[in-house]
Amino acid sequence: CPAGIPFDGGLRCLCWKILLNYLPLERALWSSLLKKQRDLYSQFLKEMIIQPGIAKANLGVSREDVTLEDHPLNPSPDSRWNTYFKDNEVLLQIDKDVRRLYPDMAFFQRPTDYPCLLILDPQNEFETLRKRVEQTTLKSQTVARNRSGVTNVSSPLKSSPNSLSEYEVLPNGCEAHWEVVERILFIYAKLNPGIAYVQGMNEIVGPLYYTFATDPNSEWKEHAEADTFFCFTNLMAEIRDNFIKSLDDSQCGITYKMEKVYSTLKEKDVELYLKLQEQNIKPQFFAFRWLTLLLSQEFLLPDVIRIWDSLFADDKRFDFLLLVCCAMLTLIRDQLLEGDFTLNMRLLQDYPISDVHLILKKAKELQDSK
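Conventions we followed
- Residues numbered from 1 in each chain as written.
- Predicted model: local features only at pLDDT ≥ 70, side-chain atom pairs only at ≥ 80, totals over all residues.
- Heavy atoms only, no water.
- Helix = DSSP H or I, 4+ residues; strand = E, 2+ residues; numbered from the N terminus.
- Buried < 20%, exposed > 50% of the residue type's maximum accessible area, 1.4 Å probe, protein only.
- Contact = heavy atoms within 4.5 Å.
- Axes fitted to C-alpha atoms, helices over the stretch in contact; angles between N-to-C directions.
- Parallel < 35°, antiparallel > 145°, perpendicular 65-115°, else oblique.
- pLDDT = per-residue confidence, 0-100.
- Expected span 1.5 Å × (residues − 1).
- Core = buried A, V, L, I, M, F, W, Y, C linked by side-chain atoms within 4.5 Å.
- Domains from an automatic or database assignment.
- Disulfide = S-S within 2.5 Å.
- Salt bridge = Lys/Arg side-chain N within 4 Å of Asp/Glu carboxyl O.

Colleague: Teacher, can you tell me more about the overall build of the protein chain here?
Modeller: Scanning the protein chain for helices and strands turns up 17 helices and zero strands. Out of the 370 residues belonging to the protein chain, those deemed buried represent 49%. Taking contacts inside the protein chain between residues at least 6 apart in sequence as the whole, the part at least 24 apart equals 76%.

Listed below in C-alpha cells is the structure:
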C-alpha cells in the first residue's frame, strides 16, 4: 500500500476498508459484517432523514396530529421540531460545501447509478435533503471559516463555480453524487453531536466516496454510501481532534501537530527552518490546511488518493503525514531560501510541485534517515 495500490479489480477499495478498520483481516467474516453494517446504515436513513410529523404511509401508521404534543413553535428543547430546525442549520452548511466538491471534475455533479430508493420511493414519504434545503428559508450560521486567523483557506487550485445556478438540476428519481455525500455528512453530524459538522469534513469524505463509488466491482459499488459512511467515521475518530477548536492547543490538537512539522524540519534542514522563522512564516499559515485536510486541497483528486494510500498504511497513524509536509518544504527549499515573505507565502499556499511520487519518495528518504 505505501508504494501505491493498483486500481485494478477494486483492490484499492478493499485495502482502504481494511486499513481504516472497517473490514477485519479474516476474510470469512467479511460478508456477514458488511451485511450487518449496511443494514444498520439503512436504519440510520429511516430514523434521521424523515421530517417530524410525516406519516410513514406504507408502514400502515396513520398520520398523527403533531400539533397536540409538538408543533413548530414549541420552545421545549426536546421538541422534534426544535431539533429539525437546528438540523437545518447544519444541513445548510453541509449543502453549501458539498455542492462545491472538486469543481474541476464532473463526477460529483453526475447522477449515481444507485440512487437511494428508500428515500426516493414516493411510498415512503421521505423527503430528500436537497428538497429540504430548497424549502427552508433559514439562514445558515456561517461556520467560523478559519480558526488559525489566516485569510487564505481555499486553494486556488479549487476555484468554485460562481453560482449554484450553474449546476444542472437532475430529473426526479435521480441523485447526484454530491447529494449522497451530503447525506453521509448529515447522518455523521446527527450521530456525533459533540462535533457535528465542521467545514473541511467534506474534503475528507470526498476522496473516500469517489474511490468506493468508482469500484469496478458493482456488488461493492452499489453500497458505496454505507461503506463510505463507516470508513469516514473510523477515519474521523482518528483525526477529529484536528477539527475541535477547544483542543487546538492540547497535545492531541492541531497546533501541536503544526509545531511538530517545524521541529521535524529543524532536524532535517536547519537552514530552511531558520529562514522561515526569520521571515516569521508560522506553520499555521499553510500547515493548518495541509494537516487538517490530509493534503486533499493541495493536489488533484487522483494524486490525493495516491497520497492517502501511503497515509492509511502508516502504522503510526499519520506520523508519515508530518514527513510528507517536511518533504514538500525541502523540495522547494531553493525557492524558499531566495524568496521574500510574500513570495514564500504564495508558494506555500499554492504549492508548485504536482508530482506526488517525488514528494512521497522524499518523505520516505526523510523517514529512513531517522
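And the narrative resumes.
Colleague: Looking at this structure, how should I read the packing of helix H2 (residues 30–48) against helix H9 (residues 224–239)?
Modeller: Geometry of a packed helix pair, given as the angle between the helix axes and the separation of the axes. Across the interface, H2 lies against H9 with an axial gap of 9 Å and an inter-helix angle of 95 degrees. Accordingly, the angle class assigned to the pair H2 and H9 is roughly perpendicular. The segment H2 lies against H9, with Leu34, Gln37, Arg38, Leu40, Tyr41, Phe44 and Leu45 engaging Glu225, Ala226, Asp227, Phe229 and Phe230.

Colleague: Looking at this model, I keep getting lost on unusual backbone geometry. Mind explaining?
Modeller: Positive phi values are uncommon outside glycine, yet Arg317 reaches one of about 55 degrees. In this structure, Arg317 sits in the loop between helix H13 (301–312) and helix H14 (319–331). One non-glycine residue, Phe318, lies in positive phi territory at about 75 degrees. With respect to the helices, strands and loops of the structure, Phe318 is situated in the loop between H13 and H14. Its relative accessible area of 11% is what places Phe318 among the buried residues.

Colleague: It is not clear to me how the environment of Lys266 should be interpreted in this structure. Could you clarify?
Modeller: Along the chain, Lys266 falls in helix H10 (residues 254–268). The exposure class assigned to Lys266 is partly exposed, which follows from its relative accessible area of 43%. Considering only alpha carbons, one finds Lys266 and Cys326, 60 residues apart in sequence, at a separation of 9.6 Å.

Colleague: Looking at this model, I keep getting lost on the confidence of the model for the protein chain. Mind explaining?
Modeller: Of all residues in the protein chain, 78% attain a pLDDT of 70 or more, and the chain-wide mean is 83. No element of the protein chain has a lower mean pLDDT than helix H5 (residues 129–135), which averages 72, and none a higher one than helix H7 (residues 201–213), which averages 97. Within the model, pLDDT remains below 50 along residues 137–146, and this stretch shows 20 contacts once partners closer than five positions in the same chain are excluded. Note on residues 149–166: pLDDT under 50 across the span, and 32 contacts to partners over four residues away in sequence or across chains.

Colleague: Can you walk me through H14 in this structure?
Modeller: Residues that lie three or four places apart on an α-helix share one face, since the helix turns once every 3.6 residues. Between its first and last C-alpha, H14 extends 19 Å over 13 residues, near the 18 Å set by a 1.5 Å rise per residue. With 11 of 13 residues buried, H14 is to be regarded as a mostly interior element. Every buried residue of H14 is listed here: Phe320, Leu321, Leu322, Leu323, Val324, Cys325, Cys326, Ala327, Met328, Leu329 and Thr330.

Colleague: Sorry, what's going on with the nonpolar core here?
Modeller: The nonpolar side chains of a soluble globular protein tend to be buried with one another. Met201 and Trp308 are the most contacted members of the largest nonpolar core, which has 108 residues in total. Broken down by element, this core gets its largest block of residues, 10 residues, from H14. Structurally, this core is a two-domain feature, drawing no fewer than three residues from each of domain 1 (11–24 + 32–57 + 76–136 + 170–243) and domain 2 (245–369). Apart from residues no more than four positions distant in its own chain, Trp308 is found in contact with Trp16, Glu203, Ile204, Pro207, Leu208, Leu293, Leu294 and Ser296.

Colleague: What's the story with the state of the cysteines in this structure? I'm lost.
Modeller: Covalent bonding between the sulfur atoms of two cysteines defines a disulfide. Overall, the coordinates contain zero disulfides when judged by the stated rule. No disulfide involves Cys1; its sulfur sits 4.0 Å from the nearest other cysteine sulfur, which is in Cys15. No disulfide involves Cys325; its sulfur sits 7.2 Å from that of Cys326, the nearest cysteine.

Colleague: Any chance you could explain the pattern of salt bridges here in plain terms?
Modeller: Two side chains with opposite charge may pair up if their charged atoms get near one another. The tally for this structure, following the rule as stated, stands at 18 salt bridges. Between Arg317 and Glu238 there is a salt bridge, with its nearest N and O atoms 2.7 Å apart. You can see Arg317 sitting in the loop between H13 and H14 and its partner Glu238 sitting in helix H9, a full 79 residues away along the chain. For Glu238, a relative accessible area of 28% corresponds to the partly exposed category.

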